[in-house]
Structures are given as C-alpha cells and as structure tokens.
Amino acid sequence: MAQQKIIIYQIFTRLFGNRTNVCKQNGTIAENGCGKINFFSDEVLQQIRAKGITHVWYTGIIRHASMTDYSSFGIPRQHPAVVKGRAGSPYAITDYYDVDPDLAEDVNERSAEFDALVERTHKANMKVIIDFVPNHVARQYHSVVKPEGIVDLGATDNQSMGFSSDNNFYYNVGQQFSPSIDLYAGESEPYTEYPAKATGNDHFDAYPGKNDWYETVKLNYGVDYCDAGGRSEHFSPVPNTWQKMLDILLFWAARGVDGFRCDMAEMVPTAFWSWAIAKVKAINPGILFIAEVYNPMDYRHYVAAGFDYLYDKVGMYDTMRSIICDGCPTSKITTAWQWVDDINEHMLYFLENHDEQRIASNYFAGDAFRAYPALVANVLMRKNPFMVYAGQEYGERGMDEEGFSGCDGRTTIFDYWTVPSLYRAFVSKESTDEECELSRLYSEVLNIANAEKAVSEGDFFDLMYVNEHIAERQYAFLRKANNEMLFVVANFDGAKASLTVNIPDHAFLHIPRKDVVATDLLSGTNVAVHFGSTTSVNVDVDAYKCVILKMQLSMETEEIFNAHNKEEYPPAHTAEHLLNQTMVRMFGCERSRNAHIERKKSKISFILDHKPSRKEEKEIEVRMNELIEEDLPVKYEVVDRNHIPDDISIDRLPEDASENLRIVRIGDYDACPCIGKHVRSTSQIGKFVMLGTNWDEMKHSFRIRFKII
C-alpha cells in the first residue's frame, strides 16, 4: 500500500461554521452565535477534502468551561470567575467524556451528533483527530456522562495530603484559593476552593496570578514537584491518574477517533506516555498521537515514548517565520531540518495554529502571499506531515478584538465569534478574488503532495550546500522516488529571481547524463534540463513564488550498482570510513573485513601486529573527533572499472561487482568504493564515543565497540 502524505486541517469547531455574522465584542452565544457540528455536511467535508486534506483536527470537541448556562440540560454551571472569555478555553476541560454543548443543534443529542460527524468525515475519506488535554482540567471539573464504573477525577483524593500518587490533584493543605483576580466576576457569591489545588501551569501555591492558567487545575501523574529533595517520581504502583486517563483515551478511540493531538504533552512524564500509548495502540494499531512539545532536547524522549509526530515549532516554524519577517537567510532551513534529521519523519510542520499569530496579521507578514514559498518548502521537502489552520488558506488576518482575546493577530479561542474569511468561503460564498487565489495556491500544493510519490515516499536532497549564491532568499531541493524526480525552488524575495541552481552529480546516483523534459507542476510549462557531469538548471522564479519541475528519469540511463541489504545509519556509516583510515594510518593495518554498523552501537574489527595500549586507544577516539570537527566534505564520483583512480583499491570487490563503481571521498583523508548512505560533511556525524575494546591474541584481532552521539 502506498504511503500517504498526511495533511492536517485544524478546525476551531466553535468558530468555523458560525452562520451568525454579528461579531459583538464580548457577545453571548445568543448574540454572536456559534458553529455547530452539523455544519460539516457531506458537501462541506468534500470541499475540505478537495483542498488535499487527509486528516481533520476538530479543536474544542470535549466539554469545557464556559459562561453559557446549560444547567437545564443537567450540565453543571461554571462560575465565571474561573472561565476565560464568555465561551471559555477549550483546554479547560469540565468533562472528558462529554461533547461540548455549544456545538450541538440539539444539546441532548450532542454525543450522537459527534458520532455522526466522525462517520461523515470518514465517508469523505478523511480521518478525525481531537484534542486530548492531559495536564490540567477546569477548576470545577465534574463528569455527568462518564461510563458506568468510572470514578470521577478527585472523587477519592485525600485532600489532607499535598501530594500522594493515589490523588488526582495536588493540594495546598489548609489554604484557600486566592488568585489575583476578581473571584465574584459579577456573581453574588465568590468562587471558593478549599483546600486550593495547584494551577495547571505548574503553579503549586494557592496564589496564581492573572497571567497564570488560574482557571485550570494541574493533574497528578505521580510526580512530586515539591519534594524536600527536589522533584521525585512515584510510578510504582501505577498512579491512579494514569488509569483514569487511559480510560479516557480508550473511550474516544472506541468511538472512531483516529488520532489525538496531546496538549502540552511535555508537562506530563514520558513514563506515562510510554505506558498509555502502548496500551491504546495494542487495541487501535493505526491511531495517531501528536505531541505539543517545545523543548528540542526532549524530542527524542517523546518519540521513544510512542508519539508519531511532534510539533516542530522551535526549529522549522521559528526559522520560516524569521525568514519571512526578518530577512533571516534561507540557508537556515537546512540547519532547522538537520537538527532533527534522525527523527525527521516524526516532525509536524506548520505555519499557523490556534496559538500562533496569523500570517496575514500586522504582527506577522501582513500579507499571506509572502508565506507561499514557506508553504511549498514545508509541504514538499520531507515525508512528514504538514498542518493548515482553517482560514490560513484564505489569508485570515486575525486582527479582530473579540473580547477576552484582544487584537493580537490571533483568532480567538475564548469568545463567541465569526472568522470573516471562513464565513465568506463556507457560508456566504463571497470570497474575495485574493482569497480565492490564495486558496487555489494552497489546494494546488497540498494536492501535489498527495499525488506525487516523490513527496510521500521519496528521498530528499538539500541543494543549498552547492548553491551558496542563493542562500539568502531562495531555497532549492530535490525529491526522488524510483525514476521520478521533483526539482523545487522557492523564492522568499520580493523581487523576481533569475537563478542558476547547481545539482551535484552524486545527488541520487541515478540521474541520467542526458537531456530530459521537465514539467512545471504549477504553470504546466515544459522545460528542457540537461544532466551532465556539472549540471545546473536555469530558472526564473517570480517574487514570493516557486518552481516545481517534475521529470521522468529513464531507468535505462541510470547507473547500475550492486544491490545490498544493509540499512545504514549515515553518521555511523561515515564514521566507519574515517575509523578505517585512522586505523590504517596509526597501525599500518588493512581496512576492516568485519564490521556491524548500527544506529545504537557498532562493532568493527582489525588485524593488528600488537594489542593497542590504553594511550593508543584514547588517541583513536581523540583523532576521530578531531576529524569530525574539521568538517571534511563527503563527495562522490562514479567511475567504470577501466578508469579506477590510482588511490583506490578494488581487491575486496566481489567477483560479480557492477561495471560502474561509486567512490566515496572524505576530504583528502579517505577514499573507498561504497554504495551506502553518508552524511554531507563530517561535522554532521556528531561525537564518536568508544564504548570498549576486545583483543583476541590468537587471531591478533582488535575489536572496537563505538556509538555516535
């Protein structure tokens, strides 16, 4: 089955389908209206699918705190002092098992309406993602529709203990909740809470400020943040909260949800995620877990815990924004993807979401078209998913002052409101010419990502290291799957660019040395491209536009090499070459004939005339890291067997070796025939660490165990 490029469409459900276009500041639901689940008809969902969308993230589905009174339906009323905005934050959950009543045409049928939405979305050939908010709940959390046998959060807590792994909340024993806000908020009686629970943003006293998440309560996963000796973990036996949260995940998965976007996942211990995700996926193997996580140092811990995708905010998003707004050089895109290249398929790219400012706002680019090159680059450069926030594709500006949410360049998540561009696109059908054009460009690029195997399955080759002359305002790369290749150039500059883009001969090893006809997937025009030993492509790219050339590379003209079954880890494989040459130079030995090179740890053996001393062993490690720091370039050349360079030995080639050979050169230090995968320069290897050695006196075999960090 072909791999699919995932394109997520984030919909703030309360706003998307609002047919009422009043937009009164601080308006009630009666005044400003509210989007409904039933707005997403088969027709609307097909309209969304036609954009190239594969997954819909319906934001704000689970019932959360609001100022709207649904007590007549058996839903507890929330005190307005602990609600942000009239509509409330969708991340202040009041019942994990309930559908938000604001979204229902018939409040009593809200659960059935959601189930029907899931069914319609699946019918439209899209999958459903909802929020899972694991770190905190609303101050007045209380489930009224929990399944039989489920015990409510906090119902069995021992409130005389500040911390207990059996408790669901943290308590400030003997203290009244006393935030720096008005606890009356227009009511005759103030909001009271005794003992005060810890606040959601890890505020563990009874006095949160107005800028804290004062409307939420921190959940207890068995971590004592206020232990006398510092933070301590209590995970055995399994904390009570773990089981309750697992029950919630399984509840929604059983209703057909295909994935969870996990809010502030990094505020919940990875031990819980490892435990819970494994259990959910054991029952629902295809379900997705997406982590909102911002600390790059923790990324790999969350991937190891089972997350499919992580927000790439601090890396790729921040880089793209800086290029668009601040003139940051486009070469920084290369830096952004290289930081996480070992987990690149787990990174979720985006240019907008509900937390970030709208591209077209005065606080970002001011013009949505200026981000079009970033869209093309992010959507097409790797296999990983891309996310669009509803309204982004129409240039929504987010410059309204809705109420609790001021004029900050963001679309409110706290107020009842109507998003102007979405109203014109889906309700009044009166989109402006500019909105229609931007939407067309988005749909075109997203559907290219859906349709082109080179995008969903192909290899990626960054061209910037051989194109320093365009590294300020343009970005170029290749994608290739089998004999299909895409050549992409994005122009971030406000002026038209006439460019000569170099393509190194070794880019994919299988580029034919002849003229090919390429088709620009955006304009439909044909372009002749010649591939020779020094290939370059001349392209004209308009301001804030892109070129996407697709070409068929004839299989008959590809270089043919011997197949092999090794799945190399490029940094370790390149280090193997350096280590071979280092041992040859230090000990006068031959290159290794026995190596097992893997991602976690590797082994390699050499035949030596003596057992190396401790000093010599240390020198091997020091020399390896010196070579890595020298940032030696890794280059390739393809030769036939009649023209093998004098410095290359072929005595170890198999008898059935191919006629054409690929020579890998690492600076002037090492050259060796090899068809494996390598890094572009030695600094990308990381750090070489010797784990240990073994000496076989009988065979004079010296085995080195090492890893790459």
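Rules used in this analysis
- Residues numbered from 1 in each chain as written.
- Predicted model: local features only at pLDDT ≥ 70, side-chain atom pairs only at ≥ 80, totals over all residues.
- Heavy atoms only, no water.
- 1 Å grid on protein atoms, 1.4 Å probe; cavity = no way out; pocket = protein on both sides within 12 Å on 5 of 7 lines; lining within 4 Å.
- Points joined across faces, edges and corners; volume = space filled by probe spheres on them.
- Nonpolar A, V, L, I, M, F, W, Y, C, P; charged D, E, K, R; others polar.
- Pairing = 2+ DSSP bridges.
- Helix = DSSP H or I, 4+ residues; strand = E, 2+ residues; numbered from the N terminus.
- Axes fitted to C-alpha atoms, helices over the stretch in contact; angles between N-to-C directions.
- Contact = heavy atoms within 4.5 Å.
- Buried < 20%, exposed > 50% of the residue type's maximum accessible area, 1.4 Å probe, protein only.
- Salt bridge = Lys/Arg side-chain N within 4 Å of Asp/Glu carboxyl O.
- Expected span 1.5 Å × (residues − 1).
- Polar contact = N/O pair within 3.5 Å; in protein donor to acceptor, adjacent residues only side chain to side chain.
- Parallel < 35°, antiparallel > 145°, perpendicular 65-115°, else oblique.
- Left-handed = near helix turned anticlockwise from the far one by under 90°.

So, empty space enclosed by the protein
Counted by the stated rule, this structure contains 7 cavities of 30 Å³ or more. Reported here for the largest cavity is a volume of approximately 90 Å³. As for the largest cavity, its lining consists of 13 residues, and the residues nearest its centre are His64, Ser66, Thr68, Tyr70 and Ile75. Along the lines of polarity and charge, the residues of the lining of the largest cavity split into 4 nonpolar, 5 polar and 4 charged.

Quick word on the sheet that holds strand β26 (residues 602-607)
Ordered by their spatial adjacency, 4 strands build an open sheet running β25-β26-β31-β30, and the pairing between neighbours is antiparallel. Strands at the two margins of the open sheet, each flanked by one partner only, are β25 (594-596) and β30 (688-696). Neighbouring strand axes in the sheet, compared pairwise and without regard to direction, differ in orientation by 20° on average. Relative to strand β31 (residues 701-708), β26 is paired through 6 bridges, and the arrangement is antiparallel. By the bridge assignment, Lys603 is partnered in β31 with Arg705. In the packing of helix α14 (residues 570-587) onto the sheet, contacts are made with β25, β26, β30 and β31, and the angle to β31 comes to roughly 145°.

Some words on the environment of Ile648
Relative to the assigned elements, Ile648 resides in the loop between β27 (634-640) and β28 (660-666). Residue Ile648 is classed as buried on the basis of its relative accessible area, which comes to 8%. Between the C-alpha atom of Ile648 and that of Ile663, which follows or precedes it by 15 residues, the distance is 8.2 Å. What Ile648 contacts, discounting residues up to four positions off in sequence, is Ile663, Arg665, Ala671, Cys672 and Pro673.

A short note on the pattern of salt bridges
Two side chains of opposite charge can pair, provided their charged atoms sit close to one another. Considering all chains together, one arrives at 31 salt bridges under this definition. Close ionic contact of Asp42 with Lys123 constitutes a salt bridge, the shortest N to O distance being 3.3 Å. Of this pair, Asp42 sits in helix α3 (residues 42-49) while Lys123 is found in helix α4 (residues 110-123), placing the two residues 81 residues apart along the sequence. Here the salt bridges do not stand alone but share partners, grouping Arg63, Asp95, Asp98 and Arg110 into one network.

Considerations on the sheet that holds strand β18 (residues 474-481)
Pairing within the open sheet is antiparallel, and its 6 strands lie in the order β17-β18-β19-β24-β21-β22. Two strands lie at the open edges of the sheet, namely β17 (459-462) and β22 (526-530), each paired on one side alone. The sheet shows a mean angle of 25° between the axes of neighbouring strands, taken without regard to direction. Where strand β19 (residues 484-491) lies against strand β24 (residues 546-552), 7 bridges are found, and the strand directions are antiparallel. Pairing of Val488 across the sheet is with Ile548, part of β24. Strand contacts of helix α10 (residues 372-380): β18, β19 and β24, with the helix running at about 35° to β24, the strand carrying the most contacts.

Some thoughts on α14
Turn by turn, an α-helix covers 3.6 residues, leaving residues three or four places apart pointing in a common direction. Here α14 is 18 residues long and its end C-alpha atoms lie 26 Å apart, about the 26 Å a rise of 1.5 Å per residue gives. Within α14, 14 of the 18 residues are buried, leaving the element largely enclosed by the surrounding structure. Gly588 sits one or two positions beyond α14 and adopts a positive phi of about 65°.

Looking at the side chain of Arg139
Residue placement: Arg139 occurs in the loop between β6 (136-138) and β7 (171-172). Engagement of the side chain of Arg139 in a polar contact is seen with the side chain of Glu193, the distance being 2.6 Å. Within polar-contact distance, the side chain of Arg139 engages the backbone oxygen of Tyr214 at 2.9 Å. Contacts of Arg139, omitting those with residues within four sequence positions, involve Val82, Phe177, Tyr191, Glu193, Lys197, Ala198, Thr199, Tyr214, Glu215, Thr216 and Val217.

Quick notes on the environment of Gln46
Within the secondary structure, Gln46 sits in helix α3. Measuring from C-alpha to C-alpha, the distance between Gln46 and Lys123 comes to 9.4 Å, with 77 residues separating the pair along the chain. When residues no more than four places from it in sequence are discounted, the contact partners of Gln46 are Lys123 and Ala124.

Some points on the packing of α3 against α4
Between α3 and α4, the least distance of the axes is 9 Å, while the angle of their chain directions is 45°. As judged from the angle between their axes, α3 and α4 are oblique. The way α3 lies across α4 gives a crossing that is right-handed. Residues Asp42, Leu45 and Gln46 of α3 form the contact with α4, whose participating residues are Arg120, Thr121 and Lys123. Residue composition of the contact of α3 with α4, by class: 1 nonpolar, 2 polar and 3 charged.

Section: the packing of α14 against helix α15 (residues 614-629)
Orientation of α14 relative to α15, taken along the N-to-C sense of each, is 130°, at an axis distance of 10 Å. Considering their axes alone, α14 and α15 lie oblique with respect to each other. α15 is crossed by α14, and the crossing has right-handed handedness. Of α15, the residues touching α14 (which contributes Ala575, Leu578, Leu579, Thr582, Met583, Met586 and Phe587) are Glu616, Glu619, Ile620, Arg623, Met624, Leu627 and Ile628. A per-class count over the contact of α14 with α15 returns 10 nonpolar, 1 polar and 3 charged.

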